[in-house]
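# A closer look at the structure
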Amino acid sequence: MPTDPRRLAVLLAVHRAGGVNAAADLLHVTPSAVSQQITRLEAEEGVQVLVRGPRGATLTRAGRILAESAERIEAELVDARKAIATLGGEVAGRVTVAAFQTAIRAVVGPAVAIVAERYPGVELAIEEREVAESLRRLRDGDADLVLMERDADSDATVPRGVRDTVLLEEPWRLVLPASVAAPTKLADLRDATWVGSEPGTAAARALGRVAATLGTPVRTRHQYYDFDVALALVAAGQGVAILPALALQGDVPAGVSIVTVPGLGSRRLVARHRATKRQPGPAVSAVLDVLLGVASELELG
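These remarks concern the structure in this document. (Residues numbered from 1 in each chain as written. Predicted model: local features only at pLDDT ≥ 70, side-chain atom pairs only at ≥ 80, totals over all residues. Heavy atoms only, no water.)

### Quick word on the side chain of Arg 209
Residue placement: Arg 209 occurs in helix 7 (residues 202–214). By relative accessible area, which is 16% here, Arg 209 ends up buried. Ignoring sequence-local partners within four residues, the contact set of Arg 209 consists of Asp 151, Asp 153, Trp 172, Gly 263, Leu 264, Gly 265 and Ser 266. (Helix = DSSP H or I, 4+ residues; strand = E, 2+ residues; numbered from the N terminus. Buried < 20%, exposed > 50% of the residue type's maximum accessible area, 1.4 Å probe, protein only. Contact = heavy atoms within 4.5 Å.)

Written out as structure tokens, the structure reads:
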């Protein structure tokens, strides 16, 4: 008697969930229905596939072989559905987006629902990574879109074989303890103590540009990478900081003031992708278009 693939799906659910009851919840059926399917599978195959114990169910060696087959069948069905969507003129495929926290929160996250609704054949994978690791994954073919930050006044060399698309240009803001008088021009910051950002970041380059404009080295204290850390240090009275508008979209700690100062410049949010005869493909281009649309709707007052 041939194996019913539906019973293999039930076995796979038991394997993933760790027990019959948990699998029943996963499949939205009763535990007895799961047990019946497993019993019939064992009868069809002539082998025991589960060992039931007080802490759940464990697959036997034969059960693991069947579960692995079920996983392969599941993957084949997913690929088949994507191929069918492509035949129908729909955009389909897996797109991996590697980005940093503020970009994910403000742009990538809101894009997920839009991609799902507009391009149901596209599988979107989001990775929070440091830029260097994201770019390595792009070179290795493990990522399709990398979101990076760049001080707008900094020169940037784009390597051969990739292309950069500016999603957003946002102003830098001055963040300072509420007890400190708000400056009206850059010269007012000549004697300020700054919360230092990690070297190589857009904020560090922007602060270097401010120092050049002031004509004197700036005095820094501490060092941050995450913007929330910078806000916490400013709130603790440790100095002032230069942060992009996106980093200030959410709740700001008590005791912190946000000031617009002429001459701070702006930060660019850039999406990098491979650029060859075949790339970017339709799926990557579709996701990039959605990201551009989300970024254009942001209000950065």
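Past the structure itself, the notes keep going.
### What about unusual backbone geometry?
In this structure, Pro 280 follows Gln 279 across a cis peptide bond, with omega equal to 5 degrees. Summarising the element assignment, Pro 280 is placed in the loop between strand 11 (266–274) and helix 9 (282–296). Positive phi values are uncommon outside glycine, yet His 28 reaches one of about 60 degrees. In this structure, His 28 sits in the loop between helix 2 (20–27) and helix 3 (31–45). Overall, the relative accessible area of 73% leaves His 28 in the exposed class. Unusually for a residue other than glycine, His 222 sits at a positive phi of about 70 degrees. Among the secondary structure elements, His 222 is positioned in strand 8 (residues 219–224). In this structure His 222 comes out as partly exposed when scored by relative accessible area, which is 44%.

### Observations regarding the packing of helix 1 (residues 5–17) against helix 3
Put simply, helix 1 and helix 3 touch, their axes get as near as 9 Å, and they point 120 degrees apart. Relative to helix 3, helix 1 is oriented so that their crossing is left-handed. On helix 3, the residues that touch Arg 7, Leu 8, Val 10, Leu 11 and Val 14 of helix 1 are Val 34, Gln 37, Ile 38, Arg 40, Leu 41 and Glu 44. (Axes fitted to C-alpha atoms, helices over the stretch in contact; angles between N-to-C directions. Left-handed = near helix turned anticlockwise from the far one by under 90°.)

### Things to note about the packing of aromatic side chains
All told, the structure shown has one aromatic pair when counted by the stated rule. Look at Tyr 224 and Phe 227: their rings are 6.4 Å apart centre to centre, the planes differ by 55 degrees, and that puts the pair in the tilted class. Phe 227 matches Tyr 224 in its accessibility class, with the two residues each being buried. (Phe/Tyr/Trp six-rings, centres within 6.5 Å; stacked < 30°, edge-to-face > 60°.)

### Focus: the side chain of His 273
Within the element layout of this structure, His 273 appears in strand 11. Residue His 273 is classed as buried on the basis of its relative accessible area of 2%. Contacts of His 273, omitting those with residues within four sequence positions, involve Leu 138, Asp 144, Leu 145, Gly 161, Val 162, Arg 163, Thr 165, Pro 280, Val 284 and Leu 288.

### Here we look at a nonpolar patch on the surface
A cluster of nonpolar side chains, Leu 26, Leu 27 and Val 29, forms an exposed patch at the surface whose accessible area comes to about 230 Å². Topologically, Leu 26 is positioned in helix 2. (Patch = residues over 30% accessible without salt bridge, like charges linked within 9 Å, V, L, I, M, F, W, Y side chains within 5 Å. Areas by Shrake-Rupley, 256 points an atom, 1.4 Å probe, with all protein chains shown as cover. Salt bridge = Lys/Arg side-chain N within 4 Å of Asp/Glu carboxyl O.)

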